[in-house]
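These are the residues of each chain, in order.
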Amino acid sequence: MPIIKQIIKAPTKHWVGNGFNVHGYFDEFTEATSPFLMLDFAAKKSFEPSTLQRGVGDHPHRGFETVTFAYHGGVQHRDSAGNVDVINAGDVQWMTAGSGIIHQEFFEEGFNSQGGDFEMIQLWINLPAKHKMTPPKYQALKSSQIPKIIIDNVDISVVAGSFSTGTKASLDATKGVAKTFSDLNVYQLNSTRDQSSLVEFQIPATHRSMMLVLNGQVEVAGSQIDQKSLVIFGDNSDHISIKSNTQYQILFLSGEPLNQPIAHYGPFVMNTQDELIQAFADYHGGKFEGVKLASPKS
Ligand code: MN
């Protein structure tokens, strides 16, 4: 049976750049949530039409992955590895910073000029020590490529790992699309009707797990969970059961803890202080620069 270790209700919002107004659920960078380092939720917010670029300009990362989930609006991405992409509703962007990348994340031009609802999540996932200096990589996971299953009229997207109802684990697992560097699961659950539903699934007992309820209300482990709440499950929560009578949207995460020291400063997440100092030296020494980043048209 899952035990809830902690429920974090919508923390005060802060701005990341001038486009992302986010609830930051955890960013202590400890092994307690390993392999997950940070989760920022830009809850649905309406933006006026604008000619001013909104988002975050060129900045570096090293030693981990940034994963962006789009729900409303669009983000234009450019990076020093040469990737240029737009993430729209339903898409997931899985960027491996690895040995070093510089990128920019702006509202997509058309969306910015028309305005409208914007809703995104950005998740930071740590890389195991032996993969921290892997070459940068970019996985554009378009909505149509993400495997989906339906249980009790709830749509479940298996972004990473595998999803199993547990009855015949080895037989019915649905595999996710993202390639990952450690053992982890990422699911998106979406109940689009006001109806009673029950979704049950099995995850490895050794995983750390959590889920964010973006909207709606659900019952897990005997507790009612409101929208914008993050549930952190206790150890040995291998069987998850989500009940509801309403529409809801959930991001569910679980992963094998990496059990390694974390040295974090700003946009770098390494294992030691020396590696952090090296990251700054390499960045300022121009070692992250690959393709020159063009500014988006304004
Ligand atoms: Mn970034």
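Residues numbered from 1 in each chain as written. Predicted model: local features only at pLDDT ≥ 70, side-chain atom pairs only at ≥ 80, totals over all residues. Heavy atoms only, no water.

**So, the overall build of the chain**
What counts is decided by this rule: In this text, helices come from DSSP runs of H or I with a minimum length of four residues, and strands from runs of E with a minimum of two, each type numbered from the N-terminal end. Radius of gyration here is computed from C-alpha atoms only, and the compact-globule reference equals 2.2 Å multiplied by the residue count raised to the power 0.38. Categorising residues by exposure relies on relative accessible area from a 1.4 Å probe, with only protein chains included: less than 20% of the type maximum marks a residue as buried, more than 50% marks it as exposed, and the intermediate range marks it as partly exposed. Residues count as neighbours in contact if any of their non-hydrogen atoms are within 4.5 Å of one another. Using the Shrake-Rupley algorithm and a 1.4 Å probe, accessible areas are obtained, with residue cover drawn only from the displayed protein chains. Just so you know, the count uses Lys and Arg for positive and Asp and Glu for negative, and it drops His and the chain ends. Lys charges are placed at NZ, Arg charges at CZ, Asp charges at CG and Glu charges at CD.
Across its full length, the chain holds three helices and 26 strands. Its C-alpha atoms give the chain a radius of gyration of 19 Å, near enough to 19 Å, the size a compact globule of 298 residues would have. Its C-alpha atoms put the chain at 55 × 45 × 35 Å along the principal axes. Looking at the chain residue by residue over its 298 residues, the buried ones come to 52%. Of the contacts formed within the chain by residues at least 6 apart in sequence, a portion of 74% connects residues at least 24 apart. Accessible surface for the chain amounts to roughly 12,800 Å². Of this, 50% is attributable to carbon and sulfur atoms. Here the chain contributes 23 positively and 30 negatively charged side chains, and the mean placements of these two sets differ by 3 Å.

**Side note on the sheet that holds strand S7 (residues 75–79)**
Counted only if it meets this: Being paired, for any two strands, means DSSP has found at least two bridges between them. Interaxial angle, 0 to 180 degrees, is taken between N-to-C directions of lines fitted to C-alpha atoms, where a helix line uses only the stretch in contact.
Strand order across the open sheet formed by four strands is S5-S10-S7-S8, with antiparallel pairing between neighbours. Strands at the two margins of the open sheet, each flanked by one partner only, are strand S5 (55–61) and strand S8 (84–87). Within the sheet, the average angular offset between the axes of one strand and its neighbour, ignoring direction, is 20°. Direction of pairing for S5 relative to strand S10 (residues 101–107): antiparallel, over a ladder of five bridges. Bridge pairing links His-59 to His-103 in S10.

**Quick word on the coordination of the manganese ion**
Threshold: The donor set comprises N, O and S atoms within 2.8 Å of the metal, extended to 3.2 Å for Na, K and Ca; water molecules are omitted, so apparent gaps in a site may simply reflect that omission.
Protein-derived ligands of the manganese ion are His-59 (NE2), His-61 (NE2), His-103 (NE2) and Glu-105 (OE), with the metal-ligand distances lying across 2.1 to 2.8 Å. Coordination of the manganese ion draws on donor residues from a single chain, spaced H-x1-H-x41-H-x1-E in sequence. Here His-59 falls in the buried class, since its relative accessible area comes to 16%. Overall, the relative accessible area of 3% leaves His-61 in the buried class.

**Quick notes on the sheet that holds strand S1 (residues 4–9)**
Reading across from one edge, S1-S22-S19-S24-S17-S14-S13 is the order of the seven strands in this open sheet, with antiparallel pairing throughout. Since the sheet does not close on itself, it has two edges, and those belong to S1 and strand S13 (148–151), each with one partner. This sheet shows a mean twist of 20° between the axes of neighbouring strands, independent of strand direction. Bridge analysis of S13 against strand S14 (residues 154–160) gives four bridges, and the strand direction is antiparallel. Its bridge partner being in S14, Ile-150 is matched across the sheet by Asp-155.

**Thoughts on unusual backbone geometry**
Here the amide bond leading from Ser-34 into Pro-35 is cis, since omega sits at 10°, within 30 degrees of zero. Assignment of secondary structure puts Pro-35 in the loop between strand S3 (20–26) and strand S4 (36–47). A positive phi angle is found at Lys-228, which is not glycine, with a value near 65°. When you line up the elements, Lys-228 lands in the loop between strand S21 (223–225) and strand S22 (229–233). Judged by relative accessible area, Lys-228 falls into the partly exposed class, the value being 27%.

**Focus: the packing of aromatic side chains**
How we decide: Side-chain rings of Phe, Tyr and Trp (the six-membered ring for Trp) are treated as a pair once their centres are within 6.5 Å; stacked means planes under 30 degrees apart, edge-to-face means over 60, and tilted covers the remaining angles. Either the NZ atom of lysine or the CZ atom of arginine qualifies as a charge over a ring when it sits within 6 Å of the ring centre and within 35 degrees of the ring normal.
Under the definition given, this model contains 21 aromatic pairs. Consider the rings of Phe-64 and Trp-124, whose centres lie 4.4 Å apart with planes at 35°: the pair is tilted. Taken as a pair, Phe-64 in strand S6 (residues 64–72) and Trp-124 in strand S11 (residues 116–126) lie far apart in primary sequence, 60 residues in all. Classification of Trp-124 as buried rests on a relative accessible area of 9%. Among the aromatic residues, those joined into a ring-pair cluster are Trp-15, Phe-20, Phe-47, Phe-107, Phe-111 and Phe-118. When the ring centre of Phe-47 is taken as origin, the NZ or CZ atom of Lys-45, which lies over that ring, is 5.9 Å away.

**Re the environment of Gly-19**
For Gly-19, the position within the fold is in the loop between strand S2 (13–16) and S3. Counting along the chain gives 196 residues from Gly-19 to Asn-215, while the straight-line C-alpha distance between them is 21 Å. Ignoring sequence-local partners within four residues, the contact set of Gly-19 consists of Phe-47, Arg-54, Gly-55, Phe-107 and Phe-118.

**Digging into the pattern of salt bridges**
Operational definition: Any Lys or Arg side-chain nitrogen found within 4 Å of a carboxyl oxygen on Asp or Glu counts as a salt bridge.
Summed over all chains, the structure comprises four salt bridges. With its nearest N and O atoms 4.0 Å apart, the salt bridge here joins Lys-142 to Asp-91. Taken together, the residues span a long stretch of sequence, with Lys-142 in the loop between strand S12 (137–141) and S13 and Asp-91 in the loop between S8 and strand S9 (92–96) at a distance of 51 residues. Residue class for Asp-91 comes out buried when judged on its relative accessible area of 8%. Several salt bridges converge on common partners, so that one network encompasses Arg-62, Asp-282 and Lys-287.

**Here's the deal with the side chain of Ser-197**
Secondary-structure assignment places Ser-197 in strand S18 (residues 197–202). Among the residues examined, Ser-197 registers a relative accessible area of 4% and is labelled buried. Sequence-distant contacts of Ser-197, that is, excluding residues within four places in its chain, are made with Asp-152, Val-154, Ile-242, Lys-243, Ser-244 and Tyr-248.

By themselves, these observations are geometric and do not establish any function.
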